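# Report on the structure
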Amino acid sequence: MVEGWLFLCISGNMLQGKKIVLGITGSIAAYKSCLIIRQLIKKGAEVQVVITPAGKEFITPITLSALTSKPVISDFFSQRDGTWHSHVDLGLWADAMLIAPATASTIGKMAHGVADNMLITTYLSMKAPVFIAPAMDLDMYAHPSTQQNLQTLQGYGNHIIEPGTGFLASKLEGKGRMEEPENIVACLENFFSQQKSMQGKKVLITAGPTYEKIDPVRFIGNYSSGKMGFALANECANRGAEVELVCGPVSAAMQVTHPHILRIDVESAKEMYDACMSLYPSMDSAILCAAVADYAPETVAEQKMKRTGEDLVIRLKPNPDIAASLGAIKQDGQTLVGFALETNDEETNAQAKLKKKNFDFIVLNSLKDEGAGFRTDTNKITILTADGKKEYPLKMKAEVAKDIVDALERKGVR
Ligand code: PMT
């Protein structure tokens, strides 16, 4: 099952003045969206409803517009006067988009970009964070395709409000049933309170592999997908930080959608080094998640190398150690976080890197742990400081990123 949102009690009114696009889809739980609207408005938010054609079978636009004091948007054009409804403008207007209830069909369309109604086009144009409250029966929710789609959406930085996990939810309530309106609203409040925690901070994050050219068609690389680094970038941006994401060659599926993330694409360790060295002096923190090649071919053949039948020897030279170089120029008040990917003697090796590279703390992940490390949607980490450590269970990378950024904000673990 996808990891759900943690419900926290928030003091203060985090929703005052916030602009929320509420997407409603064709589920029996659509009536609960009225309760969500009432609570959002009571807390000072402005709500614009976008409803799918199926959603209108479950609740009338008249009820919704009476509650929000705004016309409900469901079609690309207004039936009455032909006015164009701009999903792009909605994407820029909103502070958050909440899709509640979200059916399996809408979740599938969102995951695959099937833009056949106003709600999906609005979602695809959305510049603000997106929250999804699934609503369906348990079998549909547990089906691998639904779980895969939810994981895809989580990977895009969307927040899944997993059903039946809230503090107000009864233990008997099954997963699949939409989370209670008060818990959904609490998620938004929680998000906006966290968002403030890194407001004004600048964070450099490295992600993905590096490729070291052998000739025009071959390179030395590694299996890093960029998932862990992108999850960290999303988490910092969601908390209000400005993120510079320096990433090696990751797949086209790895996309940045958050407006606070500036993506800088590089290929080799040398290019990553140059980008990081010029950025770090103006950053508050750096999290070095990239799997950087330690060696590169001494020379790069100009033409494609031909097969000769003889043994081939490629001489390698060491690449710059980005982490150690940043550690050497780190100033008071700056934080530097590293990763250690190990296969053996994990803690000893990680402690050595912590010291050598002048990290404030290091995130250890071991290839011995199933579901940890390269390419997986999950990771299992231990955070090590000079005088302590904290082990975490296997979690989705989006949740692991929260633990790491919590530690960053505390400058270590307790
Ligand atoms: O991208 P994913 O598929 O999601 O996988 C995530 C990950 C496994 C790549 C990630 O969790 C991780 O462990 N990243 C660090 C991998 C690594 O190169 O570890 P290392 O132990 O070799 O390096 C130690 C630290 O020095 C790392 O912070 C690394 O970024 C940094 N380094 C290493 C070499 C170098 N030349 N320059 C560096 O900055």
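Residues numbered from 1 in each chain as written. Predicted model: local features only at pLDDT ≥ 70, side-chain atom pairs only at ≥ 80, totals over all residues. Heavy atoms only, no water.

## Some details on the sheet that holds strand β5 (residues 159-160)
- The strand order across the open sheet built from five strands is β2-β1-β3-β4-β5, with neighbouring strands paired in parallel fashion. Of all strands in the sheet, those bounded by a partner on one side alone are β2 (46-51) and β5.
- For strand β1 (residues 19-24) and β2, the ladder comprises six bridges, and the chain directions are parallel. Each bridged residue has a counterpart across the sheet, and for V21 the counterpart in β2 is Q48.
- Lying on the sheet, helix α4 (residues 104-112) is in contact with β3 (96-102) and β4 (130-134); it crosses β4 at an angle near 145°.
- This element, helix α5 (residues 118-125), spans β1, β2, β3 and β4 of the sheet and lies at about 145° to β3. (Pairing = 2+ DSSP bridges. Helix = DSSP H or I, 4+ residues; strand = E, 2+ residues; numbered from the N terminus. Contact = heavy atoms within 4.5 Å. Axes fitted to C-alpha atoms, helices over the stretch in contact; angles between N-to-C directions.)

## With respect to the domain arrangement of the chain
- Each domain of the chain was delimited in the assignment, giving domain 1 (19-195) and domain 2 (202-301 + 310-411).
- Placing the centre of domain 1 and that of domain 2 at their C-alpha centroids yields a distance of 34 Å.
- The interface of domain 1 with domain 2 comprises eleven residues on the first partner and twelve residues on the second.
- When domain 1 packs against domain 2, close to 1,000 Å² is buried across both sides, 43% of that on carbon and sulfur atoms. (Domains from an automatic or database assignment. Buried area = accessible area lost by both parts, 1.4 Å probe.)

## Let's talk about the nonpolar core
- Judged by nonpolar contacts, the single largest core of 33 residues is most densely connected at I205, L232, C236, I287 and I404.
- Contributing elements (two or more residues each) for this core: β6 (202-207), α9 (227-238), β9 (242-247), β14 (335-342), β15 (361-366), β17 (381-385) and α13 (397-410).
- Take this core: its biggest share by element is seven residues, from α9.
- Not counting residues up to four positions away in its chain, the partners in contact with L232 are I205, I287, C289, F339, A401, I404 and V405. (Core = buried A, V, L, I, M, F, W, Y, C linked by side-chain atoms within 4.5 Å. Buried < 20%, exposed > 50% of the residue type's maximum accessible area, 1.4 Å probe, protein only.)

## Description of the packing of aromatic side chains
- Tallied over the full model, the rule gives four aromatic pairs.
- When the ring of F131 is compared with that of F191, the centres are 5.2 Å apart and the planes differ by 80°; the resulting orientation is edge-to-face. Linking F131 in strand β4 with F191 in helix α8 (residues 181-195), this pair joins segments that are 60 residues apart in sequence. This pair shows no difference in class: F131 is buried, exactly as F191 is.
- Geometrically, the ring pair formed by F191 and F192 is edge-to-face, given 5.3 Å between the ring centres and 70° between the ring planes. Like F192, F191 is buried.
- Through a chain of ring-to-ring contacts, the aromatic side chains of F131, F191 and F192 assemble into a single cluster. (Phe/Tyr/Trp six-rings, centres within 6.5 Å; stacked < 30°, edge-to-face > 60°.)

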